[in-house]
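For reference, the chains in residue letters:
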Amino acid sequence: MGPELTQEEIYSVAKNEGVYRGEAYLQTKGGEVIPIQRHISPVRDKAGAIKGYVTVLSDISEKKQAEKIIWRQANFDVLTGLPNRFMFMHQLKQEMAKMHRVKLPLALLFLDLDHFKEINDTLGHDMGDVLLKETSERIIGCLRGTDAISYMENVARLGGDEFTIILSELKDEDGAEIVAKRVLDKLAQPFNLGKEVVHISASIGIVETYPNESLDSETLIKYADIAMYDAKQKGRNRYSRFSQSMLFETQKRRRLINDIHNALKNEEFQLVYQPIMDMQTNEIHKAEALIRWHHPTEGLVNPSDFISVAEDAGLIVGIGDWVFRQAAQQVAVWRKTLHKDFQISVNKSPVQLTAPDEGQKKWFDYLAELGLPGESITVEITEGVFLNKSTLVTDKLLGFRDAGMQVSLDDFGTGYSSLSYLLKFDIDYIKIDRSFVQNLSIRSEDFVLCEAMIVMAHKLGIKVVAEGIETQVQLGMLLGAGCDYGQGYLLAKPLSAKAFERMHKDRDVKAYMLSA
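Residues numbered from 1 in each chain as written. Predicted model: local features only at pLDDT ≥ 70, side-chain atom pairs only at ≥ 80, totals over all residues. Heavy atoms only, no water.

Q: Got a sec to walk through a positive patch on the surface? Specific residues and values, please.
A: A cluster of basic residues, Lys 222, Lys 252, Arg 254 and Arg 255, forms a positive patch on the protein surface. A total of three residues in the positive patch trace back to one element, the largest contributor, which is helix α8 (residues 244-265). With respect to the element layout, Arg 254 can be found in helix α8. According to the relative accessible area criterion, Arg 254 is partly exposed, its value standing at 48%. (Patch = residues over 30% accessible without salt bridge, like charges linked within 9 Å, V, L, I, M, F, W, Y side chains within 5 Å. Areas by Shrake-Rupley, 256 points an atom, 1.4 Å probe, with all protein chains shown as cover. Salt bridge = Lys/Arg side-chain N within 4 Å of Asp/Glu carboxyl O. Lys, Arg positive; Asp, Glu negative; His and termini not counted. Charge placed at Lys NZ, Arg CZ, Asp CG, Glu CD. Helix = DSSP H or I, 4+ residues; strand = E, 2+ residues; numbered from the N terminus. Buried < 20%, exposed > 50% of the residue type's maximum accessible area, 1.4 Å probe, protein only.)

Q: I'd like a description of unusual backbone geometry, backed by residues and values.
A: With a phi close to 60 degrees, Lys 103 is a non-glycine residue in the positive phi region. We classify Lys 103 as exposed; its relative accessible area is 58%. Phi angles above zero are rare outside glycine, and Asp 411 is one such case at about 55 degrees.

Q: Got a sec to walk through the sheet that holds strand β3 (residues 50-59)? Specific residues and values, please.
A: Reading across from one edge, β1-β2-β3 is the order of the three strands in this open sheet, with antiparallel pairing throughout. Whereas interior strands pair on both sides, the edge strands pair on one side only; in this sheet they are β1 (20-27) and β3. Neighbour to neighbour, the strand axes of the sheet diverge by 35 degrees on average, direction disregarded. Examined bridge by bridge, β1 and strand β2 (residues 33-44) share eight bridges and lie antiparallel to one another. Looking across to β2, one finds that Tyr 25 is bridged to Pro 35. Packed onto the sheet, helix α1 (residues 7-17) meets β1, β2 and β3 and runs at close to 50 degrees relative to β2. Strand contacts of helix α2 (residues 61-75): β1, β2 and β3, with the helix running at about 125 degrees to β2, the strand carrying the most contacts. (Pairing = 2+ DSSP bridges. Axes fitted to C-alpha atoms, helices over the stretch in contact; angles between N-to-C directions. Contact = heavy atoms within 4.5 Å.)

Q: Just give me the short version of the environment of Asp 112, but keep the residues and values in it.
A: Structurally, Asp 112 is set in strand β4 (residues 106-113). Look past the residues within four positions of Asp 112 in its chain and what remains in contact with it is Asp 161, Glu 162, Ala 202, Ser 203, Met 228 and Lys 232. Looking at Asp 112, its side chain comes within polar contact range of the side chain of Lys 232, at 2.7 Å. (Polar contact = N/O pair within 3.5 Å; in protein donor to acceptor, adjacent residues only side chain to side chain.)

And the structure:
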């Protein structure tokens, strides 16, 4: 409503416009104040002169209540009662304007819960909602009764598991960090979700702006988000302050994602094959397919520099499908020219195993199209896959078994090892990680571990591949311990398909240790 009009002004409106419509409040005899709508119309005689006015009062309590509900739903999160993204943007702009007036800095904290999806997947969305509500209460509790810093606090839930905290009128340069530490400590305490006790953490990005800076609200949010992502990358359960170097890395990452998009279309990827030698016969009937990226301007890009980015960006599924098809085509050739039982291993990302698509069936169909049996391809997974308890992962792993494809557990001994999973998913091979192989000596603990892994695997009917063999001493010790297969630069580095064929034809692996 606008400013109140005097009675004379109301009658003047009614006279000139034919009717006056306005809202007011009326106090009943019982003392209750209710909102009303007033319609005031002039009453005229036959000559058109005004004889008086007719006033109609309407109770608009329900309308006002409905408007209040609509406004709240539009501006506040229904679950937590916190301001939503729309209200947060409004508050942030207001606080930034105030900052310039009072000449005091402002900080924005961007908070994202770590692994929150696992709560929803394992306990259900209802329990996830309970956790989000308690999270909001804990965050608010961290901002009450503080005397270490002076600020006006504004907490919002942007959606999902993302929260923001606006700290304005900061007088302590460490004020934002104090709040961030307090929030992390509070969230580290256990959550009681029904019969379950859950532990969770958060990653927090911090950005500060000062009265003499010209940052707008959108840029401030972007910087806070970048800092939050940096906290995620550094291990989670921590906070990071925004810096310009982070912005540079983010821009570099964005360019890399664009380049990965183009790499498949432009045929910039290539497969190389590292031989896997049968340590009892010295024969080579197996190889691991490894991807290489020949970037048009950056040259050879290390897989460690782009695989994780491709996983985060959702591009690894397409890359994985390409790798599989190339490897399948190659093994079809080598089963005719090198050995009838030749087998190629392909690495499968955990992201691929959790992707709700029909990619696995397409793999099986493609093998059938090439006339290949399932055992022509081995799928290499890492132990981290077992941390995902979803039926999707279980079904896909068992699907490989049913299709006759063998499964190899890569980097064995460095992650989440569970003997029950080796049996449950019919693991065919374990690959001893190179970290155990590189320091092998007769009395070393690494040798004891390697020997124990080999004995255990054989007791379970599982074959063993040792990775990273680089010396004759390592080779001899692993052979003596009964290791089945070996892989490493002593035997051969990853080779192009043509170089691999030359090496296999000559049956002299060592001569090709330095081959391209």
